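Overview (structure and organization)
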Amino acid sequence: MLTEKLQKIYRETCADALYTTTDYLRRYLTGFYSTDGFVISDDKGSTFVADLRYAEAAEKALEGTGIKIEVGAYDRAQELLEPYMKLGVPFDLISYQEAKKLTDGGHELFDSLPAFREAMIVKDEKEISLIRKACEIAEDAFNALLPEIKEGMTETEVAALLEYNMRRLGASGTSFDTICAFGENGSVPHHETGTRKLRFGDIILIDFGCKVDGYCSDITRTFLFGDDGKHDTFKKAYAEVLKAHNLVKEKVVSGMTGREADAVARDSLKEAGLDKYFTHSLGHGIGLNIHENPYLSPRGEEVLRDGMVFSDEPGVYFAGEFGIRIEDSVYLENGRVVSFMNRTKKDLIIL
């Protein structure tokens, strides 16, 4: 399947060869992760140029894939590029300095990124299974975290425990820096986890995810650490955010645009008088990157298709008071939304 996708990317780029240096694009083409390296692909296949830090591991990982391994670095990659006049490179991801070296060397550059994005936006069965595993680990880690949360802990301590749980359950790393926000800190959608200590009656918002073989999960849960009887406004708003979240699963279908999907949640919150507090888009694509196409936003014109994976994350934020976000990683199958997240509660949790 990857060979088929590679050939499609190659054909659509209209170059003699693809020259890929960006880490996640290299991983997409080869299935092997490295912080450095060069992949050269033409109509016959791919060659991965790896230095001595990765050569042995690459040979083991790529055995039987048909991908050739060349031991070397930048100079060896340039030697292998000499037969090709037209090179496909991802324009948005290549530096001016790197591009200039290639053009000075006599190469004509073509943008490969649109073809990569088109290939990567729809996930195959293997990619779906890896994302599902990352989602299961994230949820199991969250469920294990809940009884560990104690008054007086800091945001950082709670985040660290959650990340430990994900690693312990098999994650290779986090999808992004875990966001753990207590009380008023939750009103900042991308709060930087800090030293705020947990108090009885605090609202807790945690946005987190992990990776399995490079593929990400993304989940947010908002809940109460004890109920001090002062949360009527919060509880009403939570119910409306949950309603919007669930409506996305019920009403979003293949063939909609990202803008139309965003409107499902936004219109629901507008009916409740909360739309002005919904300050970000409904969702974003999820794959080897935590944010990628498609984008479900008021300006999102990408048509949603089966196999696309994205977040369903409506939220409302009251400055200096609290924030609420409920997020699942989901995908489209047979025209309908299917959630990866079925192991954690979305009804309000009160510890």
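Scroll up to find the structure.
Note that this is a predicted model, so its numbers are computed, not measured.

Comments concerning the overall build of the protein
Per the secondary structure count, the protein includes 10 helices and 19 strands. Computed over its C-alpha atoms, the radius of gyration of the protein comes to 22 Å, within 12% of the 20 Å expected for a compact globule of 351 residues. Dimensions of the protein, computed from C-alpha atoms along their principal axes, come out at roughly 75 × 40 × 35 Å. The contacts of the protein with a sequence gap of at least 6 include a subset with a gap of at least 24, amounting to 63%. Of the side chains in the protein, 43 bear a positive and 60 a negative charge, and the two mean positions are spaced by 3 Å.

Here's the deal with the sheet that holds strand E7 (residues 173–174)
One open sheet holds the three strands; their spatial order is E7-E10-E11, and the pairing between them is antiparallel. The open sheet terminates on both sides in strands that have one partner only, identified here as E7 and strand E11 (215–216). In this sheet, strand E10 (residues 210–212) lies alongside E7 in antiparallel orientation, the contact comprising two bridges. Bridge assignment links Thr 174 to a residue of E10, and that residue is Cys 210.

Some words on the sheet that holds strand E5 (residues 86–89)
Strand order in the open sheet made by the six strands is E4-E3-E2-E1-E5-E6, with mixed pairing throughout. Each having just a single partner strand, strand E4 (68–71) and strand E6 (108–111) make up the two edges of the open sheet. Neighbour-to-neighbour, the strand axes of the sheet open up by a mean angle of 25°, direction not taken into account. Here helix H2 (residues 23–30) sits on the sheet and contacts strand E1 (17–20), strand E2 (38–42) and strand E3 (45–50); the angle it forms with E2, its principal contact strand, is near 50°.

Thoughts on helix H8 (residues 155–168)
Its 14 residues place the ends of H8 20 Å apart at the C-alpha level, agreeing with the 20 Å of an ideal helix rising 1.5 Å per residue. Of all the positions in H8, only Glu 155, Val 158, Ala 159, Leu 162, Asn 165 and Met 166 are classed as buried. For H8, the angular spread of buried residues about the axis comes to 120°, placing them on one side. Opposite the buried face of H8, at more than 90 degrees from it, the exposed residues are Tyr 164 and Arg 167. The inward-facing, buried residues of H8 contact helix H7 (125–145), E7, strand E8 (179–182), strand E9 (202–208) and E10. Gly 170, located one to two residues past H8, shows a positive phi value of around 120°.

Quick notes on unusual backbone geometry
With an omega of 5°, the peptide bond running from Asn 293 to Pro 294 counts as cis. One can find Pro 294 in strand E14 (residues 292–296).

Re the packing of aromatic side chains
Under the counting rule described, the total for this entry stands at 11 aromatic pairs. Ring plane angle 65° and centroid distance 5.8 Å describe the contact between Phe 32 and Phe 48, whose orientation is recorded as edge-to-face. Here the residue Phe 32 occupies a position in the loop between H2 and E2, and Phe 48 occupies one in strand E3, the gap between them amounting to 16 residues. Here Phe 32 and Phe 48 have matching classes, each one buried.

Topic: helix H6 (residues 113–120)
Since the α-helix packs 3.6 residues into each turn, any two residues three or four apart lie on the same face. Those residues of H6 lying buried are Leu 113, Ala 115, Phe 116, Ala 119 and Met 120. Viewed along the axis of H6, the buried residues span an arc of 160°, placing them on a single side of the element.

Remarks on the nonpolar core
The biggest cluster of nonpolar side chains holds 60 residues, and the ones touching the most others in it are Ile 149, Met 166 and Ile 206. No other element matches the 10 residues that H7 contributes to this core. When near neighbours in sequence (up to four residues on either side) are disregarded, Ile 149 contacts Val 158, Leu 198, Ile 204, Phe 223, Phe 225 and Leu 351. By size, the runner-up hydrophobic cluster in this structure holds 32 residues, among which are Tyr 238, Ala 244, Leu 247 and Phe 278.

Describing the pairing of strand E19 (residues 336–339)
Where burial is concerned, the two faces of E19 differ: the one with Val 337 and Ser 339 is buried and the one with Arg 336 and Val 338 is not. Where strand E18 (residues 328–333) and E19 come together, four bridges link them in antiparallel fashion. Counterpart to Val 330 in the pairing with E19 is Ser 339. Hairpin geometry of E18 and E19 is characterised by an intervening segment of two residues between the two adjacent antiparallel strands and by a positive phi of about 50° at Asn 334.

Some words on the pairing of E1
Residue alternation in E1 divides its side chains into two sets, Ala 17 and Tyr 19 and Leu 18 and Thr 20, and both sets are buried. Of the pairings in the sheet, the one linking E1 to E5 comprises two bridges and is parallel in character. Residue Ala 17 lies in a different strand from E5, and its bridge partner there is Leu 87. Alignment of E1 against E2, held across three bridges, turns out to be antiparallel. Across the sheet, residue Tyr 19 finds its bridge partner in E2, namely Ile 40.

Criteria and cut-off values
- Residues numbered from 1 in each chain as written.
- Predicted model: local features only at pLDDT ≥ 70, side-chain atom pairs only at ≥ 80, totals over all residues.
- Heavy atoms only, no water.
- Helix = DSSP H or I, 4+ residues; strand = E, 2+ residues; numbered from the N terminus.
- Rg over C-alpha atoms; globule rule 2.2 N^0.38 Å.
- Contact = heavy atoms within 4.5 Å.
- Lys, Arg positive; Asp, Glu negative; His and termini not counted.
- Charge placed at Lys NZ, Arg CZ, Asp CG, Glu CD.
- Pairing = 2+ DSSP bridges.
- Axes fitted to C-alpha atoms, helices over the stretch in contact; angles between N-to-C directions.
- Expected span 1.5 Å × (residues − 1).
- Buried < 20%, exposed > 50% of the residue type's maximum accessible area, 1.4 Å probe, protein only.
- Arc of directions from axis to C-beta.
- Phe/Tyr/Trp six-rings, centres within 6.5 Å; stacked < 30°, edge-to-face > 60°.
- Core = buried A, V, L, I, M, F, W, Y, C linked by side-chain atoms within 4.5 Å.

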